[in-house]
Amino acid sequence: MAEIPLIVCDIQRGGPSTGMPTSVEQSDLNIAVFGGHGDSPRVVLAPANVEDCFFTAIEAVNLARKYSVPVIILSDQAIATRIEAFDEPD
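Since we're looking at a predicted model, the values are computed, not measured. (Residues numbered from 1 in each chain as written. Predicted model: local features only at pLDDT ≥ 70, side-chain atom pairs only at ≥ 80, totals over all residues. Heavy atoms only, no water.)

Draft legend 1. Highlighting the nonpolar core. By size, the foremost hydrophobic cluster in this structure holds six residues: Leu 45, Ala 60, Leu 63, Ala 64, Val 71 and Ile 73. For this core, the element with the most residues is helix α2 (residues 50-67), which contributes three residues. In this structure Ala 64 touches Pro 5, Leu 6, Ile 7, Val 69 and Val 71, once residues within four positions along its chain are discounted. (Core = buried A, V, L, I, M, F, W, Y, C linked by side-chain atoms within 4.5 Å. Buried < 20%, exposed > 50% of the residue type's maximum accessible area, 1.4 Å probe, protein only. Helix = DSSP H or I, 4+ residues; strand = E, 2+ residues; numbered from the N terminus. Contact = heavy atoms within 4.5 Å.)

Spelled out as structure tokens, the structure:
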């Protein structure tokens, strides 16, 4: 087993249908949290908005390098395709 820091961005689309359904399905959460073989540690992060995506990516890199585990960033299509401006961080 290799302890390699890895960042995976999983951008979830709407549930199975012909177009965007009225209720979206984000079933990748179950795979991200419980989809490992055996007892392999992993970190799963989910940003709340576009600005949080920026800071979550930084936190994911820090966690992956510190603990040498895969870090999965879960987002959905609404956040992934949105464009927003936010204040420049320090």
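Draft legend 2. Summary view of the sheet that holds strand β2 (residues 43-45). Strands sit in the order β1-β3-β2 across an open sheet of three strands; the sheet is parallel. Each of the sheet's edge strands pairs with one partner strand only, and the pair in question is β1 (6-12) and β2. Across the sheet, the mean angle separating the axes of adjacent strands is 20° when strand polarity is ignored. Where β2 meets strand β3 (residues 70-76), three bridges bridge the pair, whose relative direction is parallel. Bridging across to β3, Val 43 finds its partner in Val 71. Where α2 meets the sheet, its contacts fall on β1, β2 and β3, and the angle it forms with β3 comes to roughly 160°. (Pairing = 2+ DSSP bridges. Axes fitted to C-alpha atoms, helices over the stretch in contact; angles between N-to-C directions.)

Draft legend 3. How the structure looks around the packing of aromatic side chains. Tallying each qualifying case throughout the model produces two aromatic pairs. Here the aromatic rings of Phe 54 and Phe 55 are separated by 5.2 Å at their centres, their planes lie at 85°, and the arrangement is edge-to-face. Here a set of aromatic residues connected by ring pairs shows up, and it is made of Phe 54, Phe 55 and Phe 86. (Phe/Tyr/Trp six-rings, centres within 6.5 Å; stacked < 30°, edge-to-face > 60°.)

Draft legend 4. Just the side chain of Thr 56, in detail. Secondary-structure assignment places Thr 56 in helix α2. Each residue touching Thr 56, except ones within four places of it in the same chain, is listed here: Leu 45, Pro 47 and Ile 73.

Draft legend 5. Region of interest: the pattern of salt bridges. In total, this model carries one salt bridge according to the counting rule given. Here Arg 82 ties to Glu 84 by a salt bridge, and the two come within 3.6 Å at their closest N and O atoms. (Salt bridge = Lys/Arg side-chain N within 4 Å of Asp/Glu carboxyl O.)

Draft legend 6. A look at α2. Here α2 is 18 residues long and its end C-alpha atoms lie 26 Å apart, about the 26 Å a rise of 1.5 Å per residue gives. All buried positions along α2 are accounted for by Val 50, Thr 56, Ala 60, Leu 63 and Ala 64. End-on view of α2: buried residues confined to an arc of 100°, all on one side of the axis. What points out from α2, more than 90 degrees from its buried face, is the exposed set Arg 65 and Lys 66. Put simply, Asn 49 is the residue that caps the front of α2, since its side-chain oxygen is 3.3 Å from the backbone nitrogen of Glu 51. (Expected span 1.5 Å × (residues − 1). Arc of directions from axis to C-beta. Polar contact = N/O pair within 3.5 Å; in protein donor to acceptor, adjacent residues only side chain to side chain.)

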